[in-house]
Amino acid sequence: MRITKFGHSCVRIEHGGTSIVLDPGVFTEVSALDGADAVLITHEHPDHYLPAHLLASDAPVFTIEAVAARIRADAPEVLERVTVVTPGESFDPGIPVRPVGELHAVIHPDYPRFFNSGYVLTLGDTKVYHPGDALTPPGEDVDVLLLPVSAPWMRISEAIDFAREVGAPRNLAIHDRIYSEAGLGIVDGHLNTFLSKAGQEYVRLADGADL
């Protein structure tokens, strides 16, 4: 198994000869999709979904109906490669995947809620969870949590509590383009302090680095 961090919330997961890219958005270079066997998208916000990236790749796309509707408007040429997935109904683009949850975290009570589904990927004996922009528990034990660490809709206490609730032994930072390096250093310090006490590992990788 290999997990490669690409800009912001984008990761590439490789297992058994299959490569899946999750959430390649505006902070991610299109090269992250090179050779991908499938692309998974959690929701429609541009830091997770960029039509130009999908047009530059011929990989099948798996996503929720709300994103499929955006693709229909933004890049209809991609539609023939899109499979709409539903929370609770597993699918297998070469790696077994289960969608989790249906709503984005609350940005402000006056905003409508966006749809968002995270994904649990089963890589042999290892399970990896990408929640997208939500703090919805996966409903099962996972080995690696891709942990959002900075966002307009969250506080560091929420990241800490979410990681502790999920309880994954390994936690890899994602959604990390919102803060400066100085701010992320503070976030890293807090997460290391709290998660180490629970026996959980936390790491934030540079773009292109592997877990």
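Please refer to the structure placed before this passage.
Residues numbered from 1 in each chain as written. Predicted model: local features only at pLDDT ≥ 70, side-chain atom pairs only at ≥ 80, totals over all residues. Heavy atoms only, no water.

(A) Expanded view of the packing of aromatic side chains. Tallying each qualifying case throughout the model produces two aromatic pairs. Ring centres of phenylalanine 62 and phenylalanine 91 lie 5.2 Å apart, and the angle between their planes is 10 degrees; on these two criteria the pair is classed as stacked. Of the two residues, phenylalanine 62 is situated in strand β5 (residues 61–63) and phenylalanine 91 in the loop between β6 (82–84) and β7 (97–100); the sequence distance between them amounts to 29 residues. Judged by its relative accessible area of 11%, phenylalanine 62 is buried. Measuring from ring centre to ring centre gives 6.2 Å for phenylalanine 91 and tyrosine 119, while their planes differ by 90 degrees; the resulting arrangement is edge-to-face. In this pair, phenylalanine 91 sits in the loop between β6 and β7 while tyrosine 119 sits in strand β8 (residues 118–123), placing the two residues 28 residues apart along the sequence. According to the relative accessible area criterion, phenylalanine 91 is buried, its value standing at 12%. (Phe/Tyr/Trp six-rings, centres within 6.5 Å; stacked < 30°, edge-to-face > 60°. Helix = DSSP H or I, 4+ residues; strand = E, 2+ residues; numbered from the N terminus. Buried < 20%, exposed > 50% of the residue type's maximum accessible area, 1.4 Å probe, protein only.)

(B) Molecular detail of the nonpolar core. Tyr119 and Leu121 are the most contacted members of the largest nonpolar core, which has 40 residues in total. For this core, the secondary-structure elements that each account for two or more residues are β2 (11–15), β3 (18–22), β4 (38–41), β5, α2 (65–74), β8, β10 (144–148) and β11 (170–174). The greatest single-element share of this core, amounting to four residues, is contributed by β4. Those residues in contact with leucine 121 that lie beyond four places of it in its chain are Ile13, Ile20, Leu22, Ile95, Pro96, Val97, Thr126, Lys127 and Val128. The next biggest cluster of nonpolar side chains, apart from the first, holds 23 residues, and it includes Ala105, Val142, Ala159 and Leu195. (Core = buried A, V, L, I, M, F, W, Y, C linked by side-chain atoms within 4.5 Å. Contact = heavy atoms within 4.5 Å.)

(C) Examining the environment of arginine 2 more closely. Here arginine 2 shows up in strand β1 (residues 2–5). The spacing of arginine 2 and arginine 113 is 111 residues in sequence and 33 Å in space, taken between C-alpha atoms.

(D) Spatial organisation of the sheet that holds β2. Ordered by their spatial adjacency, six strands build an open sheet running β1-β2-β3-β4-β5-β6, and the pairing between neighbours is mixed. The sheet is open, and its two borders are formed by β1 and β6, each paired with just one other strand. When the angles between neighbouring strand axes are averaged without regard to direction, this sheet yields 20 degrees. Judged from the four bridges that link them, β1 and β2 form a sheet pairing that is antiparallel. Looking across to β2, one finds that arginine 2 is bridged to glutamate 14. Taken strand by strand, α2 contacts β4, β5 and β6, and its axis lies near 130 degrees from that of β5. (Pairing = 2+ DSSP bridges. Axes fitted to C-alpha atoms, helices over the stretch in contact; angles between N-to-C directions.)

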